[in-house]
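Coordinate inspection notes
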Amino acid sequence: MRKISLLLLSALLLIGSTVKADEGMWIPMLLKKYNIEDMQKAGFKLTAEDIYDINQACLKDAVVGLGREGRPFRHFCTGELVSDQGLMITNHHCGYGAIQSHSTLEHDYLKDGFWAMSREEELANEGITASFLIRMADVTTKVLDGVTDDMKESDRQKLIKKHIKTIVEEAEKDTHYRASVKAYFNGNQYFMAVYEIFKDVRLVGAPPSAIGKFGGDTDNWMWPRHTGDFSMFRIYAGKDNKPASYSNDNVPLQPKQSFKISLKGVNQDDFTMVFGYPGTTTEYLTSYALKMMTEVDNPHKIKIRTKKLDLMRADMDASPMVRIQYSAKYAGVANSWKRWQGEIKGLNRLNAIEKKEALEKRFEEWANSTPELKKKYAGILAKMKTYYDQVTPLSLARDYAIEAGFRGAETVGLAGSFKTLSNLKKEDTDKVQPELDKLKKESAKFFKNFNLPTEKKLLAATLKMYSDNLSDEFLPEEIKNIKKKYKGDFEMFAEKAFAKSIFASQTKLDQFIDNYKVSQAKKLGKDPLFVLSNSISFFYGSKIAPDYNKIMDQIDKLQRTYMAGLMKMQPEKVFYPDANSTFRVHYGKVSGYKPRNAVTYAHYTTLEGIIEKDNPEIFDYDVPQKLRDLYDSKDFGDYVNAKGEMPVCFAATNHTTGGNSGSPVLNANGELIGLNFDRAWEGVMSDLMYDPEICRNVSLDIRYVLFIVDKFAGAGYLLDEMNIVK
Ligand code: ARG
Ligand code: GLU
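Reading the values: rules and limits
Residues numbered from 1 in each chain as written. Chains lettered and ligands numbered in written order. Predicted model: local features only at pLDDT ≥ 70, side-chain atom pairs only at ≥ 80, totals over all residues. Heavy atoms only, no water. Near = heavy atom within 4 Å. Polar contact = N/O pair within 3.5 Å; in protein donor to acceptor, adjacent residues only side chain to side chain. Areas by Shrake-Rupley, 256 points an atom, 1.4 Å probe, with all protein chains shown as cover. Helix = DSSP H or I, 4+ residues; strand = E, 2+ residues; numbered from the N terminus. Nonpolar A, V, L, I, M, F, W, Y, C, P; charged D, E, K, R; others polar. Buried < 20%, exposed > 50% of the residue type's maximum accessible area, 1.4 Å probe, protein only. Pairing = 2+ DSSP bridges.

A look at the site of ligand 2
- Lining the immediate environment of ligand 2, one finds His93, Trp221, Thr657, Gly658, Gly659, Asn660, Ser661, Phe677, Asp678 and Arg679.
- His93 is positioned such that a nitrogen or oxygen atom in its side chain is 2.9 Å from an oxygen atom of ligand 2.
- Within the contact set of ligand 2, an oxygen atom lies 2.9 Å away from a backbone nitrogen or oxygen of Gly658.
- Across the complex, the protein chains shield 89% of the 300 Å² of accessible surface that ligand 2 would expose by itself.
- Looking at the shell around ligand 2, the element that brings in the most residues is strand β20 (residues 672-679), giving three residues.
- Partitioned by chemical class, the residues of the shell around ligand 2 number two nonpolar, six polar and two charged.

Points about the pairing of strand β9 (residues 200-206)
- Of all seven residues in β9, seven are buried, a share of seventy percent or more.
- With two bridges connecting them, strand β4 (residues 114-115) and β9 associate as antiparallel partners. Counterpart to Phe114 in the pairing with β9 is Ala206.
- When strand β5 (residues 123-124) meets β9, the two strands line up antiparallel, connected through two bridges. Counterpart to Leu123 in the pairing with β9 is Leu203.
- The pairing of β9 with strand β10 (residues 231-237) spans five bridges and is classified as antiparallel. By the bridge assignment, Asp200 is partnered in β10 with Tyr236.

Thoughts on the pairing of strand β1 (residues 63-68)
- Burial analysis of β1 places five of its six residues in the buried class, the great majority of the element.
- The sheet contact formed by β1 and strand β2 (residues 77-81) spans four bridges and is antiparallel. Bridging from a neighbouring strand, Leu66 pairs with Cys77 of β2.
- The sheet contact formed by β1 and strand β6 (residues 128-138) spans four bridges and is antiparallel. Looking at β6, one finds that Arg68 is bridged to Ile128.

Functional significance is not addressed by these values, which are geometric in nature.
Below, the structure is given as structure tokens:
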């Protein structure tokens, strides 16, 4: 007995004094200071400089942040270079928009896949950016220069903005680089990242959706998983190897670094690390925030989306045409909808609110322990609670405005985009035509994926939920009018509205656009969907957003102080900042897990599992014949594991989130073994609270990628430019 407790005690002490692997999204320039020893203990064979070094090529130089023109720093996914000729791999779901945009009825690349058989066949994608991190720097002192605790929040933000502008200008001066300064630890620290951003990114290849999206939304956020979620692009540069807009004269980028690809695969407990651009996490929220989210906001958002998904699904099941039109929309709505549900379960299972409350109690005691601390930290949690009580009804009204209002039925959003036009006056004549051209393009795009009966049902159902779930003081005027006029029969309203509205079909809308004169702005003002859309945005903009934002600013300020206090209270603990779309390093180990009583999941899946799921009757599980044939002939090439199986996916403990999609997963030698693309259902609360027992990132095994490219697609020539180590 005694021995055991002593052992336990020393184990606990050990844990307390070092950083634990698994949890955390670490800053590359600080690895040397905080993580490298721990990483090496966990099996990593290289040095901190091998990952991040501003003086010579290193692994970070092979990692790509994928963004969009206009907002290149909001990385939506991650990619990695796998050749010295700019060849990049990312997820299929990250390339989805690009693949779809090149698809037509004759060439349905989503359905059939696409492989450029030469450089000339690679397809340009307007608006996608690929950034490489050149260097980063802690700029906290400069950003917070002159900032004091008692200054007004708005003055503080103004001063910070001014400093950031100067810092960015200085960093970009005389270079072709772009710099971005972001807040870390809720605004207690600031780091600058300097990027080289390429603008010519071409599609090279994608498997058919039956591989790249195998399992679809049924398997999304789930383990065991069998999705071949990858696509390939090539980054092009000007002749000087510097960023250039798309041009025929551009040449494949010659990168500083690209990843070696390992065929060695993974075993349980192997060290793994992920590099990438995680988007947003909120690990340091208070119990009050968690309560609002899990007890109010998310249950309502889930309820609204369940309704939308049910309606879409019914129509998709009844018509293949509607299925094509709505599958991307369905996936978009379903993704967060499913994650929110897992999150609530996961947080409950961890007793997250109780844990937060215990920490808050400790914080209060600490905050009251000296007069000095008291001045700064005492009472902030009580204030926080008051603000959350105040903001909760506003937050719910905001949820409905967004989920059931602007995004309830898509025509409401479409109608909203005519607002600018309706505001143009006679003296703006020169602006009218460009605006009409823009709207006409939008209209064509919109109605390509539109089914009026589905849309009517969505409008009626979401308006009804809006009006049923909020008291009158939180309802836009027009919704109250409709409720009264139609005696709560929103279906009747939808019927009448679409009979009259110009937003009911492309023909009607184009006719309106083609014949538009400024003097007809009034006509818009009589359109029932335009009126509805306007009413929702007016109400939201004047009655909800101002108060909501004011309170949230106060909460942000308190959260910043709370964060600073938490760090001060636990000086021995190494904190990692919440994700903010900047480059991070995640490390952990390959591992299965126990999802529930008596069930154990293995750490990897194989082609066998795809064949097990095969069912031509079910869209998500309809395996391509060629893949069945390859399975039957066991034609797996060099890509098998030691048991002769064809590996597909693996699970590990890396603490990742949205934005990490496509991230390189590396072994102890820094070689590419997979692509991150998801997390497992039982652990999706890791955005708010991580649990090493059950939180798993899901990766595609690189050997399955090579197998598909080589054996399935017959595009093995692409492998020639890769550096594959056996
Ligand atoms: N859950 C993954 C991630 O958040 C994949 C989403 C795309 N796939 C899908 N079936 N909806 O983004
Ligand atoms: N699929 C997610 C993405 O698009 C990654 C999964 C996650 O949230 O961890 O980034």
